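Residues per chain are reported as follows:
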Amino acid sequence: MVFKSWRSICTSWDEGGFDIRELLSWNKALVAKWLWILIHKKTGLWFAWTQAYHFPTMVFWDLMSKDRHSESLKSIITVKNEILQRTGSQIAAHQLLSSWIIHGKFKIDMAYNWFRTAQAFLPWARALKHQFILPNHSLVTSLAIQQQLATVDNLIGRGMIIPNRCILCKNSMENHSHLFFSCPFSHAVWTALLQWLGLDGRGSDCKTELLWSMQRSKRRHWKNGWYTSSIAAACYYIWAERNARLFTGKEAEVEQLVFVIKSTVSTRILGKISPIHYAHMASQLSRL
Ligand SMILES: [Zn+2]
């Protein structure tokens with residue numbers, strides 16, 4: 001279960017979303033291509049006919065919707081009006097349309113980003129795209145950072161009446177911060193992983209750790225990917241352990257979870273690197 005709004009799901013991965021297209025904005029972007037043909041390109045039989053029949057003595061920017069217009073023309077006029085309203089003038093609208101043309105071709109993706117109002121990129125989300133990280137680990141970690149997983153406090157906040165107790169330590173209340181970091185069980189997992197990574201004294205929260213991992217070394221350095229992929233795998237397996245205990249009653253020990261995380265991360269990294277670096281990285285990953 002996920003608590004993100006549909007609007008935030010329909011953002012790009014780098015913006016914290018799921019890379020799902022928002023259909024209304026995508027449709028507007030497709031219609032904007034026809035607007036570009038009527039205003040900029042001005043070629044083809046369809047343009048000649050539409051201009052001669054609907055706006056022979058005016059520019060298309062000034063054309064208003066009428067009952068006799070076809071549904072497709074009404075859609076173009078609606079999109080034209082939205083662009084005019086949001087840009088404030090015909091000159092600005094003209095410049096915007098021009099900015100969507102690259103090497104003479106209309107770029108629907110650029111128009112789509114304008115209609116859906118693209119959000120700022122989130123550095124940690126970009127870090128989660130590293131090739132060493134499995135996609136399901138990225139997804140759970142992204143939701144954990146955004147506090148969008150179905151933790152008990154989230155369910156209670158949405159009206160469910162259930163007891164709030166962390167199933168990992170059976171002591172504190174469950175929320176994202178506790179579950180993934182301050183819980184003694186999770187803390188033991190992190191401590192073992194930090195030792196494996198050759199780090200110590202860290203373990204604040206997921207977001208801070210990811211940002212730090214991006215800054216600590218050159219972006220393409222493999223150790224950076226090792227660290228980030230370990231964080232993502234830990235988030236994924238802590239969440240999986242919580243769900244296994246809740247729904248099946250099965251419990252794994254800290255050592256078992258750490259072993260699975262190390263094995264999964266190592267297998268993924270060794271499967272992605274070139275043969276030249278294999279021996280060196282295998283020795284680093286296999287250390288205790
Ligand atoms: Zn706990």
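Throughout what follows, the structure given in this document is the object of discussion. As the structure is a prediction and not an experimental result, all values here were calculated from the model.

### A few points about the overall build of the protein chain
Alright, step 1. Along the protein chain, the regular secondary structure elements total 15 helices and two strands.
Alright, step 2. Within the span of the protein chain, comprising 288 residues, buried residues form 45% of the whole.
Alright, step 3. A sequence separation of at least 24 residues applies to 60% of the contacts in the protein chain between residues at least 6 apart.

### Topic: a positive patch on the surface
Alright, step 1. Side chains of K33, K41, K105 and K107 sit close together on the surface and give a patch of like positive charge.
Alright, step 2. Positionally, K105 belongs in strand β2 (residues 105–106).

### Here's the deal with the packing of aromatic side chains
Alright, step 1. Taken as a whole, this structure holds 13 aromatic pairs when the rule is applied.
Alright, step 2. Ring geometry for W114 and F115: centres 5.0 Å apart, planes at 80 degrees, overall edge-to-face. With respect to class, W114 is no different from F115; both count as buried.
Alright, step 3. Their ring planes at 90 degrees and their centres at 5.0 Å tell us that Y236 and Y237 sit as a pair that is edge-to-face.
Alright, step 4. Members of the aromatic cluster, connected to one another through ring pairs, are W36, W100, F106, W114 and F115.
Alright, step 5. The ring of Y53 has R68 lying over it, and the distance from NZ or CZ to the ring centre is 6.0 Å.

### Comments concerning the coordination of the zinc ion
Alright, step 1. The coordination sphere of the zinc ion, as far as protein atoms go, consists of C166 (SG), C169 (SG), H178 (NE2) and C183 (SG), spread over 2.1 to 2.4 Å.
Alright, step 2. Viewed at the metal, the four donor atoms of the zinc ion are separated by angles of 104 to 112 degrees, and the geometry they form is tetrahedral.
Alright, step 3. Within one chain, the residues donating to the zinc ion are spaced in sequence as C-x2-C-x8-H-x4-C.

### Structural notes on the environment of C235
Alright, step 1. Mapped onto the elements of the fold, C235 is located in helix α13 (residues 222–247).
Alright, step 2. Sequence spacing of C235 and L179 is 56 residues, and the spatial spacing of their C-alpha atoms is 9.4 Å.

### Digging into the nonpolar core
Alright, step 1. In terms of nonpolar packing, the biggest core is built from 40 residues, with L168, F180, V189, W226, I261 and I269 touching the most fellow members.
Alright, step 2. Elements with a contribution of two residues or more to this core: α8 (135–145), α10 (176–182), α11 (184–197), α13, α14 (254–272) and α15 (275–285).
Alright, step 3. Broken down by element, this core gets its largest block of residues, ten residues, from α13.
Alright, step 4. Ignoring anything within four residues of it in the chain, the contact list for V189 reads V254, L257, V258 and I261.
Alright, step 5. Residues L63, I77, V79 and L96 belong to the second largest nonpolar core, which totals 30 residues.

### Things to note about the packing of α11 against α14
Alright, step 1. Where α11 contacts α14, the axes come no closer than 10 Å and their chain directions differ by 45 degrees. As far as their axial angle goes, α14 and α11 are oblique. You can see that α11 and α14 cross each other, and the crossing is right-handed. Facing F185, A188, V189, A192, L193 and W196 of α11, the residues of α14 in contact are V254, L257, V258, I261, K262, V265 and S266.
Alright, step 2. Residues belonging to the contact of α11 with α14 are distributed by class as follows: eleven nonpolar, one polar and one charged.

### Thoughts on the packing of α11 against α13
Alright, step 1. In the contact formed by α11 and α13, the axes pass within 11 Å of each other and the chain directions differ by 155 degrees. As summarised for this structure, α11 and α13 are arranged roughly antiparallel, according to the angle between their axes. Crossing handedness for the pair α11 and α13: right-handed. Judged by residue contacts, F185, S186, W190, L193, L194, W196 and L197 of α11 engage W226, Y227, S230, I231, A234, I238, E241 and R245 from α13.
Alright, step 2. Residue composition of the contact of α11 with α13, grouped by class: eleven nonpolar, two polar and two charged.

### Considering the pattern of salt bridges
Alright, step 1. According to the stated counting rule, one finds seven salt bridges in the structure shown.
Alright, step 2. The salt bridge partner of K28 is E82, with a shortest N-O separation of 2.9 Å. Residue K28 is found in helix α2 (residues 23–41), and its partner E82 is found in helix α4 (residues 71–87); the two are separated by 54 residues along the sequence.
Alright, step 3. With relative accessibility at 21%, the residue K28 sits in the partly exposed group.

### Description of α8
Residue pairs spaced three or four apart in an α-helix point in one direction, given the helix's 3.6 residues per turn.
Alright, step 1. Of all eleven residues in α8, eight are buried, a share of seventy percent or more.
Alright, step 2. H137, S138, V140, T141, S142, L143, A144 and I145 are the residues of α8 that are buried.
Alright, step 3. Of the residues flanking the end of α8, it is Q147, one or two places downstream, whose phi is positive at about 55 degrees.

Rules behind the numbers
Residues numbered from 1 in each chain as written. Predicted model: local features only at pLDDT ≥ 70, side-chain atom pairs only at ≥ 80, totals over all residues. Heavy atoms only, no water. Helix = DSSP H or I, 4+ residues; strand = E, 2+ residues; numbered from the N terminus. Buried < 20%, exposed > 50% of the residue type's maximum accessible area, 1.4 Å probe, protein only. Contact = heavy atoms within 4.5 Å. Patch = residues over 30% accessible without salt bridge, like charges linked within 9 Å, V, L, I, M, F, W, Y side chains within 5 Å. Areas by Shrake-Rupley, 256 points an atom, 1.4 Å probe, with all protein chains shown as cover. Salt bridge = Lys/Arg side-chain N within 4 Å of Asp/Glu carboxyl O. Lys, Arg positive; Asp, Glu negative; His and termini not counted. Charge placed at Lys NZ, Arg CZ, Asp CG, Glu CD. Phe/Tyr/Trp six-rings, centres within 6.5 Å; stacked < 30°, edge-to-face > 60°. Lys NZ or Arg CZ within 6 Å of the ring centre and 35° of its normal. Donors = N, O, S within 2.8 Å, 3.2 Å for Na, K, Ca; no water. Tetrahedral: all angles 85-135°; square planar, octahedral: opposite > 155°, others 65-115°. Core = buried A, V, L, I, M, F, W, Y, C linked by side-chain atoms within 4.5 Å. Axes fitted to C-alpha atoms, helices over the stretch in contact; angles between N-to-C directions. Parallel < 35°, antiparallel > 145°, perpendicular 65-115°, else oblique. Left-handed = near helix turned anticlockwise from the far one by under 90°. Nonpolar A, V, L, I, M, F, W, Y, C, P; charged D, E, K, R; others polar.

Distances and angles like these do not, on their own, reveal function.
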